[in-house]
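Now for the letters of each chain:
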Amino acid sequence: MARMTKKKKAQINKQLWEKANNTHRQRWQTLSQKGFDFYLNDQLSKREVDQLEEAGMPTFTINRITPIIEIMKYFVTANNPRWKAVGATGDDVDAAQVHSDIADYSWYLSNGKSLYSQVIMDSLTKGVGYFLVDLDKDMDNGLGEVLFKRVDPYDVYVDPASRDFLFRDATFITIRKNLSRSSLI
């Protein structure tokens, strides 16, 4: 089988992104951003503020959403999640314990509690939150480490044919981050 060129890979990735960035996803992102703005106390549009000022009405808002979201985030993130690998048979209990220990170590190394808080905030304010398990090859004196990371929900594009709420049936999930030329350099 012939090797795929970088240009061909880029074309395939662009086609997948175009397939995922459909009107349904764009509508979700617009509505989600409005909900996030509402959480940030940006609850009135410029037009609404102008109309209120014209009518001599007050333009301040009493934000009842932000405190509720903060309380929900506190209760969900009060404790770290527990990692527990379970062996399929009785003779792999030790291997399962090693996997549990590695997950705990990676969680600690990644400042998991802070990441968890951010992912929960995304899910409460944007409708979905994502963790990414990644490898940092430069850590541990070049030996590498496995880390948990947070991905902004607006950077994730899922196969629109997926019907499973955890996207287990998705043929692709792509992460697209817009960067400036200077950032890339």
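Up top is the structure.
This part covers the packing of helix α4 (residues 65–77) against helix α6 (residues 112–126). The description of two helices packed together rests on the angle between their axes and the distance between the axes. Close contact between α4 and α6 brings their axes to 10 Å; oriented N to C, the two are set at 135 degrees. The angle between α4 and α6 places the two elements in the oblique class. In this structure, α4 crosses over α6, and the sense of that crossing is right-handed. Note on element contacts: α6 touches α4 through Lys113, Tyr116, Ser117, Ile120, Met121, Leu124 and Thr125, opposite Ile69, Glu70, Met72, Lys73, Val76 and Thr77. Grouping the constituent residues of the contact of α4 with α6 by class yields 7 nonpolar, 3 polar and 3 charged.

Another aspect to go through is the packing of helix α2 (residues 23–39) against α6. It is the contact of α2 with α6, at a shortest axis distance of 8 Å, that shows an interaxial angle of 105 degrees. Accordingly, the angle class assigned to the pair α2 and α6 is roughly perpendicular. Judged by residue contacts, Trp28, Ser32, Gly35, Phe36 and Tyr39 of α2 engage Met121, Thr125 and Lys126 from α6. Across the contact of α2 with α6, the residue classes tally to 4 nonpolar, 3 polar and 1 charged.

Next up on the list: the packing of aromatic side chains. According to the stated counting rule, one finds 9 aromatic pairs in the structure shown. Ring centres of Trp107 and Phe148 lie 5.3 Å apart, and the angle between their planes is 75 degrees; this geometry places the pair in the edge-to-face category. Taken together, the residues span a long stretch of sequence, with Trp107 in helix α5 (residues 93–109) and Phe148 in strand β2 (residues 145–151) at a distance of 41 residues. The class for Trp107 is buried, based on a relative accessible area of 7%. On the basis of relative accessibility, which here comes to 12%, the residue Phe148 falls in the buried class.

Cut-offs and rules
- Residues numbered from 1 in each chain as written.
- Predicted model: local features only at pLDDT ≥ 70, side-chain atom pairs only at ≥ 80, totals over all residues.
- Heavy atoms only, no water.
- Axes fitted to C-alpha atoms, helices over the stretch in contact; angles between N-to-C directions.
- Helix = DSSP H or I, 4+ residues; strand = E, 2+ residues; numbered from the N terminus.
- Parallel < 35°, antiparallel > 145°, perpendicular 65-115°, else oblique.
- Left-handed = near helix turned anticlockwise from the far one by under 90°.
- Contact = heavy atoms within 4.5 Å.
- Nonpolar A, V, L, I, M, F, W, Y, C, P; charged D, E, K, R; others polar.
- Phe/Tyr/Trp six-rings, centres within 6.5 Å; stacked < 30°, edge-to-face > 60°.
- Buried < 20%, exposed > 50% of the residue type's maximum accessible area, 1.4 Å probe, protein only.

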